[in-house]
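So you can see what is in the structure, the chains are spelled out below.
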Amino acid sequence: MKVLTVLGARPQFIKAAPVSRVLREKYTEMIVHTGQHYDANMSDIFFEELNIPKPDYNLGVGSGNHGKQTGEMLQKIEEIVLMEEPDYLLVYGDTNSTLAGALVASKLHVPVIHIEAGLRSFNKKMPEEINRIMTDHLSEYLFCPTETAVENLTSENITRNVFNIGDVMYDAVLYNQKLAENHSNILKDYDLEKNEYLLITIHRAENTDNPEKMKNILSAFSKMKEVKVWPIHPRTKHKLADYGIDLSDIPNLKIIDPVGYLDMLTLEANAKKIVTDSGGVQKEAYFMKIPCVTVREQTEWVETLVNEANILVGTDVEKIVSAVEKVVMPEYMNVFGDGNASEKIVEILKKG
Ligand code: UD1
Ligand code: UDP
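Residues numbered from 1 in each chain as written. Chains lettered and ligands numbered in written order. Predicted model: local features only at pLDDT ≥ 70, side-chain atom pairs only at ≥ 80, totals over all residues. Heavy atoms only, no water.

With that settled, consider the environment of Leu4. Within the secondary structure layout, Leu4 lies in strand β1 (residues 2-7). Taking relative accessible area as the criterion, Leu4 reaches 0% and is therefore assigned buried. A C-alpha to C-alpha distance of 8.8 Å links Leu4 and Val91, two positions 87 residues apart in sequence. (Helix = DSSP H or I, 4+ residues; strand = E, 2+ residues; numbered from the N terminus. Buried < 20%, exposed > 50% of the residue type's maximum accessible area, 1.4 Å probe, protein only.)

Shown next as structure tokens:
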């Protein structure tokens, strides 16, 4: 049985790490890296740190507008699927790489496996929402991280081969937490004390591509006295440069390059609070019981909002500042599975 995995963006490398490890015990897996993310600290570092098998193909597609980026992926993935004739094509999440893989496979009658199926923000202005809906409707196996995701699919009449197996990102956190504790020096490198800094990540297009929203977010950061550590996504870095925004006025702000996963887990686990618009970081904050504020209007990860473990604030300056002051971690609820999502996926696929 041959599985062709298509991936291309940072969070997909992290999701693939636990799944590939288990999948390869039973199946032949080939990896196609679309090249959507390509900087060493957005791609190679994860393959190295997490022992993800080296991609069999790297399409080198790189950045571009949606049509150009997705179109080039479609052409190149199609050639590989025709050549390799896989039994399944596996995709993760909701990026352009996800949609390209699913679209090619379904047209060639190769069954699609979608991991992290069923997520919805109900905001079709997000490219990710379009990618998710399309991919779910093209998929043969839909592996959902939560019960909410299963319900979302049910309401779109997708009920066959839908499984809530828990979150593969939880598998990744459990597997790597100890390694992070033993191998990361990031707190020392940046002179950070446990519980004494805020961790920030911002990269969502709906924020970065809107100068007013970015100004609001930065103005909120200016009002927070704590030390703030911000591993900045290249998209955000480029946009701020385009807008001519200078971050040096923000007190106690440490802007750093994107970090590897073990350093990121360490930054998350030791943060006082996390401020983010990332899907993965919202969940990791929850897994690690760190209070979180999400700078978006909607979230797909509604379980994290229960009892305000994560507060959804949008981009109003005062709302951001007061949510960060107020947020505390309530009682933890185990709603993301048991950390064995990858094993469950492979068991289900084995039964056919
Ligand atoms: C993509 C996903 C988003 C996901 C994010 C994870 C889509 C539509 N979006 O957003 O869902 O949350 O990845 O991080 O698929 N860039 C670099 N170097 C890189 C990669 C990107 O400089 O290695 C810069 C380029 O200027 C590029 C911009 O970042 O234009 C955006 O990259 P892109 O992959 O198009 O989207 P992301 O914002 O990363
Ligand atoms: N991440 C990382 N280094 C960073 C920022 C994020 O390793 O500098 C990890 C983070 O721990 C999480 C994943 O990347 O596992 C989230 O990816 P991202 O925020 O880019 O995308 P999203 O989850 O929003 O799609």
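A word on the environment of Asp56. Residue position: Asp56 is located in the loop between α2 (44-49) and β3 (57-58). For Asp56, a relative accessible area of 41% corresponds to the partly exposed category. For the pair formed by Asp56 and Arg24, sequence separation is 32 residues and the distance between their alpha carbons is 14 Å. With residues up to four places along the chain from it excluded, the contact list for Asp56 reads Glu29, Met30 and Ile31. From its side chain, Asp56 meets the backbone nitrogen of Ile31 in a polar contact 2.7 Å long. (Contact = heavy atoms within 4.5 Å. Polar contact = N/O pair within 3.5 Å; in protein donor to acceptor, adjacent residues only side chain to side chain.)

This part covers the sheet that holds strand β10 (residues 253-256). Strand order in the open sheet made by the six strands is β10-β9-β8-β11-β12-β13, with parallel pairing throughout. The open sheet has two free edges, formed respectively by β10 and β13 (310-312), since each of these has just one partner strand. Each neighbouring strand pair of the sheet contributes to a mean axis angle of 20 degrees, computed without reference to strand direction. In this sheet, strand β11 (residues 273-276) lies alongside strand β8 (residues 197-201) in parallel orientation, the contact comprising four bridges. By the bridge assignment, Leu198 is partnered in β11 with Lys273. (Pairing = 2+ DSSP bridges. Axes fitted to C-alpha atoms, helices over the stretch in contact; angles between N-to-C directions.)

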